[in-house]
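# Observations on chain architecture
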There are 2 protein chains.
Amino acid sequence: MTQKRQGLQTISFDQSPRIISSATIAGPKEASSNLGSYIDRLVTDSMVGEQTPEKAERKLLYQACQDALAKTKLTEKDIHLFIGGDLLNQIISSSYSARDLGIPFLGIYGACSSIVEGLGIGALIVDGSYANAVLVATSSHYQASERQFRYPIELNIQHKSSNQWTVTGAAAAVVSNQGEGPRITKATFGRVLDYGIKSPNDMGAAMAPAAADTLCRHFQDTNTSPGDYDLILTGDLGSIGQKLFVRLVKEAGHTLGTKHMDVGAYIYKPEQGAGAGGSGCACSALGILGYVIKEMYQGRYHRILAIATGALFSPVSYQQGDSIAGIAHGIVIEG
Amino acid sequence: MTQKRQGLQTISFDQSPRIISSATIAGPKEASSNLGSYIDRLVTDSMVGEQTPEKAERKLLYQACQDALAKTKLTEKDIHLFIGGDLLNQIISSSYSARDLGIPFLGIYGACSSIVEGLGIGALIVDGSYANAVLVATSSHYQASERQFRYPIELNIQHKSSNQWTVTGAAAAVVSNQGEGPRITKATFGRVLDYGIKSPNDMGAAMAPAAADTLCRHFQDTNTSPGDYDLILTGDLGSIGQKLFVRLVKEAGHTLGTKHMDVGAYIYKPEQGAGAGGSGCACSALGILGYVIKEMYQGRYHRILAIATGALFSPVSYQQGDSIAGIAHGIVIEG
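Throughout, residues of each chain are indexed from 1 in the direction in which the sequence is written. In the order they appear in the text, chains get letters beginning with A and ligands get numbers beginning with 1. Totals for whole chains, interfaces and linings use every residue, but because this is a predicted model, local features are given only for residues with pLDDT of at least 70 and side-chain atom pairs only at 80 or more, for both listing and counting.

Secondary structure elements follow DSSP: runs of H or I of four or more residues count as helices, runs of E of two or more count as strands, with numbering from the N terminus. Regarding its fold elements, chain A presents 10 helices and 15 strands. For 335 residues, the compact-globule estimate of 2.2 N^0.38 gives 20 Å, and chain A sits close to it at 18 Å. With the principal axes as the frame, chain A shows a C-alpha extent of 55 × 45 × 35 Å. Here chain A holds 335 residues, and 65% of them are scored as buried. Contact between two residues is assigned when their C-beta atoms, built from the backbone, lie within 7 Å. Partitioning the contacts of chain A with sequence separation of at least 6, the portion at a separation of at least 24 is 79%. What the globule rule says is 2.2 Å times the number of residues to the power 0.38, and the radius of gyration is computed from C-alpha atoms. Comment: burial labels come from other C-beta atoms within 10 Å of the residue's own C-beta, placed from the backbone, where a count of 20 or more is buried, 12 or fewer is exposed, and between is partly exposed.

Here you go:
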């Protein structure tokens, strides 16, 4: 058995758990975005026939789980654990999906970093032979997030240019020690960093320090540099956050150049009016389980480092004057 | 290496991760409760000098983490992961504590089952040699929970007799492969069950089916029965929920008798006016990391099964007519 820990924060998987299946689903705005062609299932009504955006989000998440399972020969009974998290209070999208799936459930919360927290924990559980197969999923919904974190959209509050647009969608993956697919070879779980940003309209800046910290720790732990990866993907820093991220990483001695892509900054087209870019748990999730996985199957990428970022705050903590802390988790996926 | 999975849902730890340290902290109502003498640090002011109950809860959680670390020879730098969760929206108590601790963070959400979800994941990570030591912690606060889930206490809403009282406190444990202490030998992660209970004033009943399911699955997976344990502890079913739980378990063929104790039903004295008993993440946590661990060191218990229960809902899901689902996770601790 090789060493399972590398450096301070990185875990190395020698059994190389694989993403044997993945599924993505998203709404109409995402359909016409730069990621549209990478998303498996596009819905024309972001409410998917439900009366509330919270119930719509749950339906998207459950559908993504069903779609990911349908691509395998496995059923719910073959999946040992369901690992899920989302932005809604008490992660209700994930909890109710877990109820409907009937699979033993580990609820997680890493804000928009949830997909990588989940894939990292899932890979660890499969690598350690504690499960043969796990299902990992996350979701977000523009309307549900807006009214929980900011204002109901009915109020027609004008967005600031630094605002990010919560992606409406969900993504799920089956991670297993049996079957074919890209391997998850490493995970770097991140620390919570806080640079004192207080505006929930500027979350990219709040998450950038954590993303830079996790990336630099990963490079140090694994003795790698940007040249060792075909792509370094960050989650949802957006156009403002990614500039700060690139600068922090450069100050630490690493030049990312064209190796770096931020899903938040990339997803929406300028004419879509999404401010500083996309955000929400589905943002990183669609980037990793949609874009990256599909491009890996096309042979474009062979080894990527995906770092999903999360802003850790609540409307209550914001109202009480707390700053917004950030977290970022990274995984290496090899095709 | 022995088999790591047993039956459908149970995981067996052959490296036997140990709880090398634990710390508990609680407020004045808990000080005069039946668990008072088992709690390490009792605060006389449940606001611990803070202006809001949310900030007070965070302070309790952080203090428990510091106390658990202080009982070891380890510092924050020796702890590979901090696993934490709580009831507050976006688990802000845990997130901000993670920021102040500076330890890589895995946020979890299992409502009041969080301590066992965390200890189970932590044990797995240590057992698999993915970390030498992890810190697991959770917290809850009466005032913070009341105003988030029900009404601000200033409104002086009359409690129903089926209401449970959120425990104000926090608990933390260091789980490691080095050092002395009770071993975590098995974990049974639970499914989400929903019997259609809709009242947030009757959470014990909502959680009882999940607790019974996890217990029966555990017995089946491990081929054990109540006689194999010195104590079967449930989290916070309270006086109403525990009756339903005992009945469901009996219908499944197991008589628990005096082997069973529910922390929620046990913690408060009748004259403390706590309705159907205690609840909140700190309820199970004080029961396991306070009562159980201390009684194990006294030689009273040698092998216990601790099942923490969680009610999965949010005020929004309740207002939208959803029923309250329940989850329960179990671990075996051997002294």
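Least-squares superposition of the copies uses the C-alpha atoms of those residues scoring a pLDDT of at least 70 in each of them. When chain A is fitted to chain B, the best match, at an RMSD of 0.0 Å, comes from turning it 180° and sliding it 0.0 Å along the axis. What the rotation and shift describe, once combined, is the action of a two-fold rotation axis. Of the C-alpha atoms belonging to chain A, the one lying closest to the rotation axis is found on Ile108 of chain A, 2.0 Å away. When the interface residues of chain A are mapped onto chain B, 100% of them are again interface residues, pointing to one common binding face.

What follows covers helix H6 (residues 203-222) of chain A. Here the expected length of a helix is defined as 1.5 Å per residue gap, with one fewer gap than residues. Taking 1.5 Å of rise per residue, 20 residues should cover 28 Å, and H6 of chain A covers 29 Å from first to last C-alpha, within 8% of that figure. For H6 of chain A, the tally of buried residues reaches 16 of 20 residues, placing the bulk of the element in the interior.

With that out of the way, let us pick up helix H3 (residues 92-101) of chain B. Extensive coverage of H3 of chain B is indicated by the burial of nine of its 10 residues. When we look at burial in H3 of chain B, the residues that qualify are Ile92, Ser93, Ser94, Ser95, Tyr96, Ser97, Ala98, Arg99 and Leu101 of chain B.

What follows is about the environment of Ser314 of chain A. For Ser314 of chain A, the position within the fold is in the loop between strand E14 (303-312) and helix H10 (315-319). Remark: the alpha-carbon pair of Ser314 of chain A and Leu87 of chain A, spanning 227 residues in sequence, is separated by 10.0 Å. Once residues lying within four places of it in the same chain are set aside, the contact partners of Ser314 of chain A are Leu88, Asn89, Gln90 and Ile92 of chain B.

Another point: the packing of helix H6 (residues 203-222) of chain B against helix H7 (residues 238-251) of chain B. Residues and elements named next belong to chain B. Here the axes come from fitting lines to C-alpha atoms, over the contacting stretch only for helices, and the angles between their N-to-C directions go from 0 to 180 degrees. Two elements in contact, H6 and H7, have axes whose closest approach is 8 Å; the angle formed by their N-to-C orientations is 35°. In terms of crossing hand, the pair formed by H6 and H7 is right-handed. Of the residues in H7, those in contact with Gly204, Ala205, Met207, Ala208, Pro209, Ala211, Ala212, Leu215 and Cys216 of H6 are Gly238, Ile240, Gly241, Gln242, Leu244, Phe245, Leu248 and Val249. The residue inventory of the contact of H6 with H7, partitioned by class, reads 13 nonpolar, four polar and no charged. Here a crossing is taken to be left-handed if its near helix is turned anticlockwise relative to the far helix by less than a right angle, and right-handed if that turn runs clockwise. Residue classes follow a fixed rule: Ala, Val, Leu, Ile, Met, Phe, Trp, Tyr, Cys and Pro count as nonpolar, while Asp, Glu, Lys and Arg count as charged, and any other residue, Gly among them, counts as polar.

Residues and elements named next belong to chain B. Most of strand E7 (residues 133-140) is tucked away, with eight of its eight residues classed as buried. Burial along E7 is two-sided: Ala133, Leu135, Ala137 and Ser139 and Val134, Val136, Thr138 and Ser140, pointing in opposite directions, are all buried. The pairing of strand E5 (residues 81-86) with E7 spans six bridges and is parallel. Residue pairing in the sheet places Gly85 in a bridge with Thr138 of E7. Note: two strands are recorded as paired if DSSP finds a minimum of 2 bridges between them. Relative to strand E9 (residues 169-176), E7 is paired through eight bridges, and the arrangement is antiparallel. Following the sheet pairing, Val134 is matched in E9 by Val175.

Right, let's talk about the interface of chain A and chain B for a bit. Each side of the interface is counted separately: chain A has 49 residues, and chain B has 49 residues. Among the secondary structure elements, those contributing two or more residues to the side of chain A that touches chain B are helix H2 (53-70), strand E5 (81-86), helix H3 (92-101), strand E6 (105-107), helix H4 (114-127), H10 and strand E15 (325-334) of chain A.

The next point concerns unusual backbone geometry. All names here are of chain A. Not every positive phi belongs to a glycine, and Gln90 is a case in point at roughly 60°. Relative to the elements of secondary structure, Gln90 occurs in the loop between E5 and H3. Take Gln90: there are 27 C-beta atoms within 10 Å of it, and that puts it in the buried class.

To continue, consider the domain arrangement of chain A. All names here are of chain A. When its domains are assigned, chain A resolves into domain 1 (5-176) and domain 2 (183-334). Measuring from the centre of the C-alpha atoms in domain 1 to the corresponding centre in domain 2 gives 17 Å. Taken together, the 56 residues of domain 1 in the interface contact 58 residues of domain 2. When contributions to the side of domain 1 that touches domain 2 are tallied by element, the ones reaching two or more residues are strand E2 (10-12), strand E3 (18-26), H4, strand E7 (133-140), helix H5 (142-149), strand E8 (165-166) and strand E9 (169-176). Start and end positions for the domains come from either an automated domain assignment or a database one.

All names here are of chain B. In contact at an axis separation of 7 Å, helix H4 (residues 114-127) and helix H9 (residues 281-297) are set at 55° when each is read in the N-to-C sense. When the axes of H4 and H9 are compared, the pair comes out oblique. Counting all contacts with H4, which are made through Ser114, Ile115 and Val116, the residues of H9 involved are Cys281, Ser284, Ala285 and Ile288. Looking at the contact of H4 with H9 residue by residue, the classes come out as five nonpolar, two polar and no charged. In these notes the angle categories are as follows: under 35 degrees is roughly parallel, over 145 is roughly antiparallel, 65 to 115 is roughly perpendicular, and the rest is oblique.

Before going further, it helps to spend a moment on the environment of Leu312 of chain B. By the element assignment, Leu312 of chain B lies in strand E14 (residues 303-312). A count of 31 C-beta atoms within 10 Å places Leu312 of chain B in the buried class. For the pair Leu312 of chain B and Met203 of chain B, spaced 109 residues apart in sequence, the C-alpha separation works out to 9.5 Å. Setting aside anything within four residues of it in sequence, one finds Leu312 of chain B in contact with Gln90 and Ser95 of chain A together with Ala111, Val192, Ala325, Gly326 and Ile327 of chain B.

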